[in-house]
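Descriptive analysis of the structure
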Amino acid sequence: MLKKKIPMRKCLGCNEMKPKKEMIRIVRSPEGNINMDLKGKASGRGCYICPNTECLDSAIKTKRIESALETKMTDELIYVLREQIQENGKP
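Residues numbered from 1 in each chain as written. Predicted model: local features only at pLDDT ≥ 70, side-chain atom pairs only at ≥ 80, totals over all residues. Heavy atoms only, no water.

1. Considering the overall build of the chain
- When you go through the chain residue by residue, the secondary structure sums to three helices and five strands.
- For the chain, the succession of helices and strands along the chain, N to C, is β-β-β-β-β-α-α-α.
- Overall size of the chain, expressed as C-alpha extent along the three principal axes, is 50 × 30 × 25 Å.
- Burial analysis of the chain (91 residues in total) assigns 34% to the buried set.
- Taking all contacts inside the chain whose residues are at least 6 apart in sequence as the whole, residues at least 24 apart take part in 50%.
- Of the roughly 6300 Å² that the chain leaves accessible, carbon and sulfur atoms contribute 50%.
- Of the side-chain charges in the chain, 19 are positive and 12 negative, and the distance between the mean point of each set is 10 Å. (Helix = DSSP H or I, 4+ residues; strand = E, 2+ residues; numbered from the N terminus. Buried < 20%, exposed > 50% of the residue type's maximum accessible area, 1.4 Å probe, protein only. Contact = heavy atoms within 4.5 Å. Areas by Shrake-Rupley, 256 points an atom, 1.4 Å probe, with all protein chains shown as cover. Lys, Arg positive; Asp, Glu negative; His and termini not counted. Charge placed at Lys NZ, Arg CZ, Asp CG, Glu CD.)

Take a look at the structure:
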């Protein structure tokens, strides 16, 4: 019996490869809105981070999210993403 392949993604904060289902996707929609995509199905340009604020802070500090989404991150947007991660992931 064949094993089912588990899709892996790299966290922009800690650079570790983890299963896609354990990660949080941040997506820039075609309209330019940036949000968390909890289901992983939203259309647009996306990137993945671990569900903790340390990885988010690291990815923001090194500007990896800006590079991956090809857009500038505002302070308001960073605050909203941090709040969403604290609600849905680990603090």
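After presenting the structure, the write-up continues.
2. Some points on the pairing of strand E3 (residues 24-28)
- Among the five residues that make up E3, four are buried, leaving the element largely enclosed by the rest of the structure.
- Pairing of E3 with strand E5 (residues 45-49), which is carried by five bridges, proceeds in the antiparallel orientation. Directly across from Arg28, in E5, lies its bridge partner Arg45.
- Examined bridge by bridge, E3 and strand E4 (residues 34-37) share four bridges and lie antiparallel to one another. Within E4, the position partnered with Arg25 by the bridge is Asp37.
- As consecutive antiparallel partners, E3 and E4 are separated by five residues, and within that stretch Gly32 has a phi angle of approximately 100 degrees, a positive value. (Pairing = 2+ DSSP bridges.)

3. Quick word on the UniProt feature "domain: YlxR" (unreviewed entry) in the chain
- Sequence positions flagged by UniProt for "domain: YlxR" (unreviewed entry) are, in local numbering, residues 9-80.
- For residues 9-80, helix accounts for 29% and strand for 26%, while the C-alpha atoms at its two ends are 23 Å apart. (UniProt positions renumbered as here; feature names shortened; annotations may be inferred.)

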